Structures are given as structure tokens and as C-alpha cells.
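So the chains spell out like this:
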Amino acid sequence: MTEAYIYDAVRTPRGKGKQSGSLHEITSLSLATQALQAVRDRNELDTSYVDDVILGCVSPVGEQGADIARVAALNADYSQETAGVQVNRFCASGLEACNMAAAKVMVGEADMAIGGGVEAMSRVPMGADGGAWSTDPQVAFKTYFAPQGVGADTIATKWGFSRDDVDAYAIESQKRAARAWEEGRFKKSIIPVKDQMGAVILDHDEHMRPDTTMQSLASLNPSFVGMGGMGFDEVIKQRYPELESIDHVHHAGNSSGIVDGASAVLFGSKEAGEKLGLKPRARIRSMASIGSEPGIMLTGPSYVTEKALKKAGMEVGDIDIYELNEAFAAVVLRMMQALDIPHDKMNVNGGAIAMGHPLGATGGMILGTMVDELERADKETALITLCVGAGMGTATIIERV
Amino acid sequence: MNLETFKFDIDGDGIAHAVFDVPGRSMNTLTGKAVADIVAIAKEVASNDKIKGLVISSGKPSGFCAGADLGEMGNRAGSSDDSAKSEDEKLKERFEQGFTLNKTLRQLETCGKPVACALNGLALGGGLEVVLACHYRVAANDNPKQQFGLPEAKIGLLPGAGGTQRLPRLVGVQAALPLILQGTSFDAKKAHEMGVIQELAPGADVVEKAKAWVKANPEAKAPWDEKGFKVPGGVPHKSPGAGQVATMSNMMVAAKTYGNFPAQKNILSCVYEGIQVPIDAGLRIETRYFINTQSRPEAKAMIRSLFLSTQALSKGGNRPDGYPKTEFKKIAVVGAGLMGAGIAYVQAKAGIPTVLVDVSKENAEKGKDYSRRLVEKDVSRGKSTQEKGDKLLDLITTTDNYDDVKGADLVIEAVFENEELKAKITKQAEAVLGEDAVFGSNTSTLPITGLAKASDRPENFIGIHFFSPVERMGLVEIISGEKTTEATLAKAIDYVLAIRKTPIAVNDSRGFYTSRCFGTYTREGMEMLAEGIKPAIIENVGRQSGMPMGPLEVSDSVGLDTALKVTRATAEAMGVDIQTDDRTQFLAWLVEDNGRVGRKAGKGFYDYNEKGKPERLWPDLNTRIDVTVDECPPELKQHYINRLLIRQAIEVARCFEEGVITDARDGDIGSILAWGFAPYTGGCCSYVDLIWGIKPFVEEAKKMEEKYGERFAVPQLLKDMAEKGEGFYDRFPPGGVKAKEAA
């Protein structure tokens, strides 16, 4: 099979996902367009060689609806021959888009393809696309549906992470993100977002709070006590009768931030890269997706990691650095606990607790972060993964070339 | 038209009037014949040009209609068609049958002529569904018995004649769902506020008002047939708020029912799916879910136990024939403690003159205070009037003198569980009682035959086991001793009916039927604890099995000191060494080493708050148990649920085997009303017969016996029944005492 290489990766800074956020007045189409243009322009890419653009988007309705990938490619003045498809694997949509782009290269369907994603959460709110899972009684009962936050709290309860544990993790995320920005570790992939005139409107992640302390976090009320008390705790205990009660430890400060942003990663075969004079930066070692118990929802990362490692013929210790999306602090703590991964190998430049999680875009963003970090820190292998709604997990292992 | 259940005429203005009046019944129900009549009426109204509109009303003073005929429906529920037709053909046939009323009401609703109904009295279930299909609904504003509701869910069904479609379209999903899910009824005022009723008028005028509306509105249409109709509050996936309502409703029902009631989920689905499509499709969806629900064993079990059997027993279904009904002119209650005081209250409430006896007049008065407090509460809440309350209290005479007992038809002894004391009271009372008077002992465990030894007339001696709190618990267990006669049993049953409770009739044994079987649940919980199953698992699984509380919490409410005493006594009686018995040792550690005697002390298996509510399981439980099971995936959970319920069902089977109970209805109703056995099963007997089926049950029970030992030993009776393919209802059919000989 053809090898798939990563030639470039870009991401927008992440704007606060509310009306006061800097990117609220920029359309999701514009965010995706700017990411695609950046990939093209930085690489002087003849886009007629790009066979497909695959973008993750979790709420593909309204302005994000009707295949935003194709629409953004057209708006970015890509060749009209470049196809586009939008995919949804909830929080791993961006990574899934990258895996699909890589897979298309591997099987020879595409010579070059772009994966990535977009989510303007301030403009198209989470849940705007509805869906049957929580609303249709037939499936909601069967799967003990409960909101993600209740699942995250259930993980904390089941595996013994206290409020202090999750808060301490959150502070470390903030610190690492702040250091990464200070040291310019994201420089290679950040593309400032321009406004309607073409002036820069945002050039940094604006969700970060580097001055966060245990005390400041302690003042935050847990977010899912109300939901849990209304009945979701009782529902999730039907799947986990071993839990007497659910310890609600997550709050806005130790969960991923709601933000706007877009990402794009350029994949291609060796030949295609040579033809266009591009230098490969990393190679795909393996990819995987799994499903696990949907009620607790967020335990997928350790399982999908095991699967991806197996496919690559590797072991946990063979990976130099891990990147797991920080949807909730307990998700990361659980994966480190389950696979015995030291914290200094995990999310070395902080994560979504500090910088935010623009749902469909995140996978592409953190994949790019790892490509940059392998080069910066002179490491060989990285594994990127995300927990995913309904109990799924998606992972990618890359190797620097 | 040849109608049996309706009177039908057409007036000079061309307005037809259909009067619902099922012959020979005090209350209209939607029998098969009534449905056929409605079909005929709808056809006539649609096709007869002389008819300009229709008014529907009732010929019964009781009201319009109480709903489906549950006798007929109970027979259909859970039944299967063994014919050679394909599954698909059978389902489609069932659909056609099930869709009849829906189709007819829809035809009436869309026939182009105005249809109004005039209501004076109750309209429940299918009755209300007929009403909802009318274009205009007038109800009496001066009839206190006026009541509306869709109570199908209470017996494991769902409204299958348009109720799940029309009510949400009329009042919105959020307002309609609780009414359908809980089956709550509401009065005319609320119905009018919600728009279920459009006009209120004096009962005498409702028909005229309905006719007037029909005359004035020759081209009526249901709101949902109007162009641009919008469901109040919106529809899921079309307006975000409605999606939230769906999500939260699912959560609330799942949290409350643990998914044990098929009808609950199916009601949610009828509304969720039906509201998104035009009403004709919605009605089809409703019928499909109705048939799905009806074919589940839970539906058959619930209809039979919660409606048919409960009603039969509440009317004396287990009373021996051939004895005249006893009218109680005077009843004495000896012992004015909690139980005696409660018994005095329910008697007085039923209008029976009551003498409350205790060692001193003062003590007896204290017992009467209990009634005073209850009366006061009812009056302050508007549930009763001062006048009625005073009358009730006047019926209770307090005394310390047995001379006042003279002339009583019945004496109920309700002193604490001490054989000597009970014997003394028996003698004192009998000294002043007439030859025919019955002596009833309120005991929960002491064998009646033994207590009757103190009596000169053991044939008139009977156990009358009340549950606490007396005024709230609907069940009374009547225990015949060896010498108790049928005549005495008949009187005792008359008594229970007179105080408006449900009697079950059982025979003598330690713990009789209810106390004996109930204890197996708590004991199995403690066995699980001793095995090293994490306490939270035991408690959650207990609740999720459908029991009202986890077994450890139940033990706390009974009292762990009591449990320890009983355990030691039982162990001794059975020759078990209590020093090596895990359960006894565990209880002794809790009670004697740690002073944790249960809820009354604020600490037992749980820690309790000041209000007596459990706060958390006592964390130190883990210091004494070696937890070996701390995860409970679904298969294991199902195993534990089976374990807890099967343990109880086996004890029930033993009671049948020993002749302690003799009527499957007593077994079912007793288990639900006395100790809250998972109601969706229809009770312990229906759990075996319907939820499992006798053969699979015995198979599973044998596996449990192998795994957990003798306490799960499958009685020979069950093995025999399995061999013959007989359930409890085949072997111990309704018939109570008479069936005893047959068994």
C-alpha cells in the first residue's frame, strides 16, 4: 500500500465561543476558507492535484450545513476539480477527516488530499443539529443516555479522581499552553484570522487563563450537579450499579472551552509530493477507531490507543509523545492511568482545557501540534487521540520523517 | 342501525344524538360491542344526508365511560396466535383489529359534520379518547364526580385510541406527557383550562349546549386538520425546545422506572414519533406501539394483578361462599399502641363504632390522639370537614374496662408480640364476648394455632395482620389457624372489606405468607454482602429490580436489632451454629459492636440525616467485608436482579407447597401490596408464570440452587408444575379456600 505523508498542517487561533469572542463575526465558511487558502499559499500548491478536501464538523447545520468542505474549497478558489466532503465523528471529526484523507492516499484514490475541520461554536451552537440519540426513547433507554459531562464525572467517580486531581490537571494544562505560546511552539501552524477587509482579527488563542490557580478553580461550581440530580445520575447508575452516587467534579475550568476555529492538514503520496516539490514532515504509522460503552461515553481513548498500537506493531512505551484532547480532565487522567503513560509524555503543550475545543476542527489542530512538536523536540513518534461521543475513540500514530 | 350499547335518534334539525348506555351495567365501558356500535354510528353519520351533526352523551348517572373493558383486554394481552400464518401476517391482522377504534374515530373526526360531546361524570381512558376525537367538548361544572384522565399506564398499557396523539396536539407535549405517563386524572376546571374541554355548563344543560354548538358550526374541523396547524410548544427536531423536552422526558422516565415498564417507553415513543408526522400516521404509530405493549408479559401481568385481581379481592373474591354478610355494629380494639390506634382510626373512618381498650383510660386516649391528629390534618388540607371529623372521632370510645367490649361483633387484639400477654387478653375478652363474636389477633409472625390455644372458641379465633402505617397500607393478611372455621374467615373478610382494604386469605405458618417471604429479600441482600459484593451494587440492583428500596435499606427500616434477634432465633431453631454463620456475625458486629441498629437510630447500613433520609452507605462497611465484586456490567446486573426476585418467588412457591396460600391472586396481590414486590411483574406468581414462564423459571432457579445452595432449593411443587407446563394460575386458580382441597 502507498504510504501517506503529512506535508503541512495549519490551524486558526481559537476564538472564545461566544458573542464577545473575536471570531464570532467571522463565518465558519470564512474560517475554513482561510485554513484552506493558507495550506495552498504556504506550499504554492496547484490545487488541481488535491483530489479531495475532507472537513470535520459536528453541527453541520445552518451555515455549517450542506457539505461545508466542498463549499469552502470553492470559496477558497481551489480548482473546481477538487471534491469536498464533510464528516462527523463528534469530537474526533477533524482527526477522522485526516485519517480518511490519509486512507485515500494509501489506497490510491487520491494523490493529495486535505483533512481538517471547522466549528464556529459561537455561531452554530453545540447540539444545533439535534439527533435521535437523546430524544428517541427507543435508543436513549437502551444506551443509558446521559450528557457527556455526567459521563466525565462518572469516570472521575469510578476511577477515583477527586476534585483536586482534576483541578490540578487543569492548572498544568494552562501552564503548558502558556509556555508553548511563550516559546512560539505553535508558530509553524498558526495562521492569523483575517476579517472582512483582510486585516488580522485574531492571532492567538484567546480562551487561555494562564493565571488559573487551585483557589480560583475552587470557587467554580460543578457544572453537572443539576443535570445529574434531575435524573441522569440515576440513569448512568443503571449501567454502573457499583457507584453509590456520582461525584460531580467537572466545571468550566477543568473542561474543554467552547471556541471557534478551523484546521487543515495536507496529505499526499511520496510521488505526489516529489512532483510538486514538497518536503514530507511525517508519515502515518497507523489509524484506528473503536466503540466502547456509550453511557459513560468518554473511555474510548485508551481502547483506541491499544488498537492503533497493535496495528502499528508498537507498545505504549514506543510512543514518544501523546496528545489526547482535553474534553474533560478526568478523560486524560483515566487514559494515563489505564495505559500507565507518564504526564510528561501527555499533552506536552497543554490542550483544550486551556485553549478550547472547536469540536470538528480539534483533531486536525492537535495532529498539527504533534507534527510541530516532533520536529521541535526532535522526537520520532506521536499518538493523537480524542474521546468521542457515544463511546467512540479515534487515534492516529505518526512518525517524523 | 341495530345498536346494543347506544341509543340513537335524530331531531327535527337533523342533529343526531347518540346516548352511550351499555345495558345491565352501572358504568359504560368500551366493550367489543360498544366499539362495533361506534363504528356503525360513524358510518351512519357520514352517509346519512339527513344528519347535519352529532352529539354524543351518556345515559348513565355515573358518567360517560370508564374506558376499555379490561376483562376483555386482559384476555387478549400477552396471548399468542398459534395459527400457521406468517409472523408478518399475524402482526398485520392484529394491527387491523387494534386499529378499529382509531380508524373509526378518525373517520368521525373528518366526516365533514360537526361532532360534539356532552359530559356529566367521568370520562377515562378510551372514554376520554372518544371525547378527544369530538370537535367540541362540553362538560358539567356542577358535578363533583366529573373526572378526566388516561389511566392506561397504571396497568401497563398505553392509550390506544388516539390519546397519545390528540392530547399532545391539544395541550403540547410537555403538558400531555405526565398525564399519559402517570395516568393522573384531572377535574373539569383543569380540563377547561388546558383546552381539553371547551365549554363548562350545568350538568342539566350540557346536551343542549352541545347541540347548540353543532347547529352553529356546520363545518367543524379538528385543529390539527386546519392548514398551518402547529403543536403547542413545538415538535422535536423542528424547534429546539421540543428536543429538550424529549431528552428530559426520556431521562425522567428512565430514572424513575429503570426501564422496567415497557408501556412507559412506548408512550414516549408514540408521542415522540407520532407528533412529527400528520395525525393519520401518528394514529397508526400509536396502534403499533399499543400492540407491542399489549403483547408483552408485563401488560398481561399488570392488568391481571393491578386491576382484575385487586378489584376481585377488594370485592370479596376470596371469601368462602354460603355465609351471610356480617354487618359490624361494634368492634373492640385492644391495645392502643401504634397499630391499635391506626386500626381504630380506619374503623371509625368506615363508620364503625369502635371501642379502644388499653390498661388505662389515659393510654387509650393517647391512642385516640392518633385519630385526632389525622382528622386535624385532613380538615386543614380540605380533605374532610370539621363536622365529618367530629363524627369520626365520636365513633371511638376509649376505656380500660372490658365490660365496654360486651356486645362487640369482633375484637382485634393489637398488643405487642408476646404470647402470654396475647393469651391473657384473649381470655379477658372472651369472658365478655358473645358466642358468635370473632377474636382477631393482629400479629405479624406468631402462629395463630398456638395463640388460639388460649381461646375457648378457637374456631372463632383468626389472625388479622395489618401493615404499618395502617391508614395508608391497603392490604390486610387474614390467617386461619388449624381450628378456624370458614364462617370465621368469611366474617374476617367482611371486616376487611368494611374498612375498605384488600384482604388476602392465608393459612398458618411462622411468618404466615407476607412476613416470611418478605424476609427473603433482605436476607439475600445480606448474603450478597457477606459474599463480598460491593454494597452499592446490592442496593442499586435491588432498586433497579423494581423493589421499592435496596435490601440493606429495607433492613435498616425494619431494624437491625430485630433482624439479629430473628436471625439468631431462626438459626437456633434450625440448628445452625450462629458463631460460624456469616450473616449473624455481620449483624452482631453492626448492632452490638457499633450500635448501628438501623434508621430509628440514624445509623445502620446507611447513615441517615435528621429527616431520616439515607445520606450514604456507611463507609466502614468496607472494613468488615472483603469486596470481591466491585463492578457490575449488564449481564451480572441481570443475574443479581434474577437472584433477588427468584429468591422471593421460591419462598412463595414453598408457601403454596405447604398450603399457606392457596390462590394465585393472594400470592400476587400480597406480594405487591405487602412488601412491594416489583409491580411490573404482576407479583410473585405472575413473575414466575408470565415474566419467565414456568419451565424457564425452574431451569434458572435450579442454576441458582447449584450456585448458592439450599435456600434456592427448587420445591417439588415447582418441578411438578414445570413438568406439566402449569403456572400458578393453572394450579391455584381463583377460588381461594375451595382450591385448597384441589391443590
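Each chain carries its own residue numbering, running from 1 in the direction its sequence is written. Chains and ligands are labelled sequentially in the order written, the chains with letters from A and the ligands with numbers from 1. In keeping with the predicted nature of the model, local features appear solely for residues at pLDDT of at least 70, side-chain atom pairs appear and are counted solely at 80 or more, and the whole-chain, interface and lining totals rest on all residues.

1. Considering the overall build of chain A
Let me state the cut-off plainly: Each helix is a run of DSSP H or I of at least 4 residues and each strand a run of E of at least 2, with the numbering of both proceeding from the N terminus. Only the C-alpha atoms count toward the radius of gyration. The rule for a globule is 2.2 Å times the residue count to the power 0.38. Note on burial: count the other C-beta atoms lying within 10 Å of the residue's C-beta; 20 or more is buried, 12 or fewer is exposed, in between is partly exposed, and C-beta positions come from the backbone.
Looking only at helices and strands, chain A has 13 helices and 12 strands in total. Scaling as 2.2 N^0.38, a compact globule of 401 residues should have a C-alpha radius of gyration of about 21 Å, and chain A matches this with 20 Å. Each principal axis of the C-alpha distribution contributes one length, and for chain A these read about 60 × 45 × 45 Å. Counting the 401 residues in chain A, one finds 62% classified as buried.

2. Let's talk about the overall build of chain B
Inclusion rule: Two residues qualify as a contact pair if the distance between their C-beta atoms, derived from the backbone, is within 7 Å.
Scanning chain B from N- to C-terminus turns up 31 helices and 20 strands. Taking the principal axes of the C-alpha coordinates as reference, chain B spans close to 85 × 65 × 55 Å. Going through the 743 residues of chain B one by one, you find that 52% of them count as buried. Across chain B, the fraction of contacts at a sequence separation of at least 24, relative to all contacts at a separation of at least 6, is 72%.

3. Description of the environment of Thr33 of chain A
Residues and elements named next belong to chain A. Within the element layout of this structure, Thr33 appears in helix H1 (residues 28-42). The spacing of Thr33 and Ile398 is 365 residues in sequence and 26 Å in space, taken between C-alpha atoms. Other than its neighbours up to four places away in sequence, Thr33 contacts Ala72, Asn75 and Ala76.

4. Quick look at the environment of Ala210 of chain B
The topology assignment puts Ala210 of chain B in helix H8 (residues 206-216). Leaving out residues up to four positions away in the same chain, Ala210 of chain B has contacts with Val55, Ala116, Cys117, Ala118, Tyr136 and Val138 of chain B.

5. A short note on the pairing of strand S8 (residues 259-268) of chain A
Residues and elements named next belong to chain A. For clarity, the threshold we go by: Whether two strands pair depends on DSSP finding at least two bridges between them.
S8 sits mainly inside the fold: 10 of its 10 residues count as buried. Alternating residues of S8 divide into Val259, Gly261, Ser263, Val265 and Phe267 and Asp260, Ala262, Ala264, Leu266 and Gly268, and every residue in both groups is buried. Two elements, strand S1 (residues 5-11) and S8, share 6 bridges in a ladder whose sense is antiparallel. Note on S8: the bridge partner recorded for Ile6 is Phe267. As paired elements, strand S2 (residues 15-16) and S8 share 2 bridges and run antiparallel to each other. Note on S8: the bridge partner recorded for Lys16 is Val259. Inspection of the sheet shows strand S5 (residues 112-120) paired to S8 by 9 bridges, in the antiparallel sense. The partner of Ile114 across the bridge, within S8, is Leu266.

6. Here we look at the sheet that holds strand S4 (residues 63-65) of chain B
Residue and element names in this part refer to chain B. Across the sheet, 4 strands lie side by side as S4-S6-S8-S9; this open sheet has mixed pairing. Both outer strands of the open sheet, S4 and strand S9 (185-186), are each paired with one neighbouring strand and no more. Summarising the sheet, S4 and strand S6 (residues 122-124) pair through 2 bridges and their orientation is parallel. Paired with Cys65 across the bridge in S6 is Ala123.

7. Some remarks on the nonpolar core
Rules: To form a nonpolar core, buried Ala, Val, Leu, Ile, Met, Phe, Trp, Tyr and Cys residues must be joined through C-beta atoms within 7 Å.
Within the largest apolar cluster, 234 residues are counted, with the highest numbers of intra-cluster contacts made by Ala116, Leu119, Ala210, Val333, Val411 and Ile478 of chain B. Here this core gets 11 residues from one element, more than from any other, and that element is helix H25 (residues 634-657) of chain B. Dropping the residues within four chain positions of it, Ala116 of chain B is found in contact with Val55, Cys134, His135, Tyr136, Val138, Ala210, Trp213 and Val214 of chain B. Judged by nonpolar contacts, the second largest core, of 123 residues, contains Ile54, Cys98, Ala101 and Met370 of chain A.

8. Regarding the interface of chain A and chain B
Definition in use: Residue polarity follows a fixed list, in which Ala, Val, Leu, Ile, Met, Phe, Trp, Tyr, Cys and Pro are nonpolar, Asp, Glu, Lys and Arg are charged, and the others, Gly among them, are polar.
Counting residues at the interface gives 20 residues for chain A and 28 residues for chain B. Take the side of chain A that touches chain B: its biggest share by element is 7 residues, from helix H8 (residues 225-239) of chain A. By residue class, the composition of the side of chain A that touches chain B is 9 nonpolar, 6 polar and 5 charged.

9. Overview of the environment of Ser269 of chain A
Residue and element names in this part refer to chain A. Topologically, Ser269 is positioned in the loop between S8 and helix H9 (270-276). Ser269 sits in the buried class, given 20 other C-beta atoms within 10 Å. Sequence-wise, Ser269 and Pro280 are 11 residues apart; in three dimensions their C-alpha atoms are separated by 9.2 Å. Each residue touching Ser269, except ones within four places of it in the same chain, is listed here: Thr2, Val105 and Asp111.

10. Some words on the packing of helix H5 (residues 163-171) of chain B against helix H6 (residues 173-182) of chain B
Residues and elements named next belong to chain B. Heads up, the condition is: Fitted lines through C-alpha atoms serve as axes, helices being fitted only where they are in contact, and the angles separating the N-to-C directions of these axes extend from 0 to 180 degrees. Orientation categories follow fixed angle ranges, with anything under 35 degrees roughly parallel, anything over 145 roughly antiparallel, 65 to 115 roughly perpendicular, and all other angles oblique. Left-handed describes a crossing whose near helix is turned anticlockwise from the far helix through less than a right angle; right-handed describes the clockwise counterpart.
Running from N to C, H5 and H6 cross one another at 140 degrees; their axes reach a closest spacing of 7 Å. Relative to H6, H5 is oriented oblique. Note on packing geometry: the crossing formed by H5 with H6 is right-handed. Residue-level inspection shows Gly163, Thr164, Leu167, Pro168 and Val171 of H5 in contact with H6, the latter providing Val173, Ala175, Ala176, Leu179 and Ile180. The class makeup of the residues in the contact of H5 with H6 is 8 nonpolar, 2 polar and no charged.

11. Description of the domain arrangement of chain B
The test is simple: All domain edges in this entry derive from an automatic or database-based domain assignment.
Partitioning chain B into domains gives domain 1 (6-295), domain 2 (331-510), domain 3 (530-624) and domain 4 (634-742). Computed from C-alpha coordinates alone, the two centres of domain 1 of chain B and domain 4 of chain B are separated by 38 Å.

12. So, the pairing of strand S11 (residues 381-388) of chain A
All names here are of chain A. Within S11, 7 of the 8 residues are buried, which leaves it mostly tucked inside the rest of the structure. Pairing of strand S10 (residues 321-324) with S11, which is carried by 4 bridges, proceeds in the parallel orientation. Bridge pairing links Tyr322 to Leu383 in S11. In this antiparallel pair of consecutive strands, S11 and strand S12 (residues 392-400), the connection spans 3 residues, and Ala390 shows a positive phi of 65 degrees.

13. Side note on helix H10 (residues 300-312) of chain A
Residue and element names in this part refer to chain A. Put simply, the rule reads: Multiplying one less than the number of residues by 1.5 Å gives the expected span of a helix.
Counted at 1.5 Å a residue, the expected span for H10 with its 13 residues is 18 Å, and the 18 Å between its end C-alpha atoms agrees. All buried positions along H10 are accounted for by Gly300, Pro301, Ser302, Tyr303, Val304, Thr305, Ala308 and Leu309. Lining the buried residues of H10 we find strand S9 (282-291), S10, helix H11 (329-339), S11 and S12. Within two residues after H10, Gly313 carries a phi angle of roughly 65 degrees, on the positive side.

14. Side note on the confidence of the model for chain B
We count it as follows: The pLDDT value tells you how sure the predictor is about a given residue, anywhere from 0 up to 100.
For chain B, per-residue confidence averages 93 on the pLDDT scale, and 98% of positions sit at 70 or higher. This complex was scored by the predictor with a pTM of 0.94 and an ipTM of 0.93.

15. A few points about the sheet that holds strand S5 (residues 115-119) of chain B
Residues and elements named next belong to chain B. Spatially, S1-S2-S3-S5-S7-S10 is the arrangement adopted by the 6 strands of the open sheet, whose pairing is mixed. Looking at the sheet topology across the chains shown, the edges are occupied by strand S1 (6-10) and strand S10 (199-201). Going from strand to strand, the sheet's axes swing by 20 degrees on average, the running direction of each strand aside. Here strand S7 (residues 136-140) runs beside S10; their pairing, made up of 3 bridges, is parallel. Bridging from a neighbouring strand, Val138 pairs with Glu199 of S10. Sheet strands in contact with helix H1 (residues 32-47) are S1, strand S2 (15-20) and strand S3 (53-58), and its direction is about 10 degrees off that of S1.

16. Looking at the packing of helix H6 (residues 163-182) of chain A against H11 of chain A
Residue and element names in this part refer to chain A. Axis separation between H6 and H11 bottoms out at 9 Å; the angle between their running directions is 95 degrees. In terms of axis orientation, H6 runs roughly perpendicular to H11. Residues Asp165, Val166, Tyr169 and Ala170 of H6 pack against Ala329, Ala330, Val332 and Leu333 of H11. Its residues assigned to classes, the contact of H6 with H11 shows 7 nonpolar, no polar and 1 charged.

17. A closer look at H5 of chain B
All names here are of chain B. In terms of burial, H5 is largely enclosed, as 8 of its 9 residues are buried. Taken together, the buried residues of H5 touch helix H4 (126-132), H6, helix H7 (188-194), helix H10 (262-274) and helix H11 (279-294). Gly172 lies just past H5 and shows a positive phi near 95 degrees.

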